[in-house]
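The residues making up each chain are set out below.
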Amino acid sequence: MAENGAGSGRGTAAEAGRQDGEAVALRPHAEDAFANELAALAAADDRPRPERWRLSPWAVATYLLGGTLADGTVITPKYVGPRRIVEVAVTTLATDRALLLLGVPGTAKTWVSEHLAAAVSGDSTLLVQGTAGTPEEAIRYGWNYARLLAHGPSRDALVPSPVMRAMAEGMTARVEELTRIPADVQDTLITVLSEKTLPIPELGQEVQAVRGFNLIATANDRDRGVNELSSALRRRFNTVVLPLPATPDEEVDIVTRRVEQIGRSLDLPPAPDGMAEIRRVVTVFRELRDGLTTDGRTKLKSPSGTLSTAEAISVVTNGLALATHFGDGVLRPSDVAAGIQGAVVRDPAADRVVWQEYLESVVRERDGWKDFYRACREVSA
């Protein structure tokens, strides 16, 4: 990946933290990790900005998709995919409609959500993480019970949720894994998104959203039927579907960029000749995901897992750590074999059969893959 302001800025911050004896964040928030890029875009951005936006819609899209500014500053791509998808997502946030990012696991929904919030509001931390146990208070508000018991209901005793704070401050709130949240809790958002207000009946008050407020939600389209969105709630969103990478080269590019970013944060040195193994991991994932070899000649059984781009990034990052700490620093087939098998074989019975058939019918016969075949057989033994 080309050297850029974000990379050098993060490195400088990490070095300064070590010199001062301060702890360095393992994963800085987007607005911190890419502060230099955001600042350069803000300085060069002379286009109209919606109220309380840090950047114009054009600059937000440039931040996500990458580009080179007039002063030569390189903005690294945060999302590799169709430009129109990003433009529609950004435009939605500039209207009174909330944004729902929908897709299979590993299509960068959370990543895009975080970077959109960072670019629009300068703060990606107003986050509600959806789970089966997410309570209504996580979306509305809670109470400081010590103050509540001592003084009764008051604004001082109220604990605002990230959504309430975003409404009051004109910021972007995020709700991750919306379909994991129980349906009755999901519907708490209906009034927020339709009336732009959050009632506080205990105080006879309400919080009205100020201009600049909006909400980004993410949902896994494989979770349909878990806690499916009501039609009333779904109507409050513009839905943007994030697809899997369209081509192998596109997916290799995504994996390479993210592995380099993660590697820098973990102080892992770049692996020479690592591109061959990255391309091999991506090829295995795409073939098993699609149920067809890249040449179109052999049909394959697909395993139960998603084999997403995010999992490919994890496999390569773990392989890079193995090569660094227990090898000679060169990323080899033996470094990624165990990670690939772990990603493929989720169901010990059915998936193991799929993996063994793929090894014997495809990997064993493929030119230049003998070392990878042997490494996988050793792991499987």
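Above this text is the structure in question.
Remember, it's a predicted structure, so these values are computed and weren't measured experimentally.

Novice: So what exactly am I meant to see when it comes to the overall build of the protein here?
Specialist: On a plain count of helices and strands, the protein comes out with 17 helices and 11 strands. In terms of principal-axis extent, the alpha carbons of the protein reach across some 70 × 50 × 40 Å. Burial statistics for the protein: of 381 residues in total, 47% are counted as buried. Residue pairs in contact within the protein that sit at least 24 positions apart in sequence constitute 71% of those at least 6 positions apart. For the protein, the computed accessible surface area is about 17800 Å², with 51% contributed by carbon and sulfur atoms. Taking the 43 positively charged and 51 negatively charged side chains of the protein as two groups, their mean positions are separated by 4 Å.

Novice: Is there a simple way to explain the pairing of strand β10 (residues 214-220) in this structure?
Specialist: Successive residues of a regular strand alternate their side chains across the two faces of the sheet. Burial runs high along β10: 7 of the 7 residues are buried. Side chains N214, I216, T218 and N220 of β10 all project onto a buried face; the interleaved residues L215, A217 and A219 project onto the opposite face, where all are buried too. Note: strand β3 (residues 98-103) against β10, 5 bridges, orientation parallel. Across the sheet, residue G103 finds its bridge partner in β10, namely N220. Two elements, strand β7 (residues 172-176) and β10, share 4 bridges in a ladder whose sense is parallel. Bridge pairing links V175 to A217 in β10.

Novice: I keep staring at the layout of surface pockets and nothing clicks. Help me out?
Specialist: Rolled over the atoms, a probe sized like a water molecule indicates the empty space that remains. In this structure, the largest pocket occupies an estimated 520 Å³ of space. Lining the largest pocket are 30 residues, with G106, T107, A108, K109 and W111 positioned closest to its centre. Where the lining of the largest pocket is concerned, the elements lending two or more residues are α6 (109-121), β10, α12 (248-265) and α14 (309-326). If one sorts the elements of the lining of the largest pocket by residue count, α12 sits on top with 6 residues.

Novice: What's the story with the packing of aromatic side chains in this structure? I'm lost.
Specialist: A ring pair, where both rings are aromatic, is described by two values, the distance of the centres and the angle of the planes. Taken as a whole and judged by the stated rule, the model has 4 aromatic pairs. Pairing Y141 with W143 gives two aromatic rings, centres 5.8 Å apart and planes at 90°, and the pair type is edge-to-face. Taken individually, Y141 and W143 each receive the classification buried, so the pair is uniform in this respect. The ring of Y63 has K78 sitting right over it, with the charged end atom 4.1 Å from the ring centre. Stacked on the ring of W111, the Lys or Arg R258 has its end atom at 4.0 Å from the ring centre.

Novice: How should the packing of α12 against α14 be read in this particular structure?
Specialist: Any two packed helices are characterised by the angle at which their axes cross and by the distance between the axes. Where α12 contacts α14, the two axes come as close as 9 Å, and the packing angle between them is 50°. When the interaxial angle is binned, α12 and α14 end up oblique. Handedness of the α12/α14 crossing: right-handed. Listed contacts from α14 to E251, I254, V255, R258, V259 and I262 of α12 are T309, A312, I313, V316, T317 and L320.

Novice: How do you make sense of helix α4 (residues 57-65) when you look at a structure like this?
Specialist: Count 3.6 residues to each turn of an α-helix, and residues three or four apart come out pointing the same way. When you tally the buried positions in α4, you get 7 out of 9 residues, the bulk of the element. Residues of α4 that are buried in the fold lie against α2 (30-33), α3 (35-44), β1 (67-68), β2 (74-75), α5 (83-93) and α6. After α4 finishes, the residue G66 shows a positive phi value of roughly 90°.

Novice: Honestly, the packing of helix α13 (residues 275-290) against helix α16 (residues 350-363) in this entry has me stumped. Any pointers?
Specialist: For the pair α13 and α16, the least separation of the axes is 12 Å and the interaxial angle reads 115°. As summarised for this structure, α13 and α16 are arranged roughly perpendicular, according to the angle between their axes. Here α13 runs over α16; the crossing is right-handed. Where α13 approaches α16, its residues T283, V284, E287 and L288 are matched on the opposing element by V354, W355, Y358 and V362. Across the contact of α13 with α16, the residue classes tally to 6 nonpolar, 1 polar and 1 charged.

Thresholds, definitions, all that
Residues numbered from 1 in each chain as written. Predicted model: local features only at pLDDT ≥ 70, side-chain atom pairs only at ≥ 80, totals over all residues. Heavy atoms only, no water. Helix = DSSP H or I, 4+ residues; strand = E, 2+ residues; numbered from the N terminus. Buried < 20%, exposed > 50% of the residue type's maximum accessible area, 1.4 Å probe, protein only. Contact = heavy atoms within 4.5 Å. Areas by Shrake-Rupley, 256 points an atom, 1.4 Å probe, with all protein chains shown as cover. Lys, Arg positive; Asp, Glu negative; His and termini not counted. Charge placed at Lys NZ, Arg CZ, Asp CG, Glu CD. Pairing = 2+ DSSP bridges. 1 Å grid on protein atoms, 1.4 Å probe; cavity = no way out; pocket = protein on both sides within 12 Å on 5 of 7 lines; lining within 4 Å. Points joined across faces, edges and corners; volume = space filled by probe spheres on them. Phe/Tyr/Trp six-rings, centres within 6.5 Å; stacked < 30°, edge-to-face > 60°. Lys NZ or Arg CZ within 6 Å of the ring centre and 35° of its normal. Axes fitted to C-alpha atoms, helices over the stretch in contact; angles between N-to-C directions. Parallel < 35°, antiparallel > 145°, perpendicular 65-115°, else oblique. Left-handed = near helix turned anticlockwise from the far one by under 90°. Nonpolar A, V, L, I, M, F, W, Y, C, P; charged D, E, K, R; others polar.

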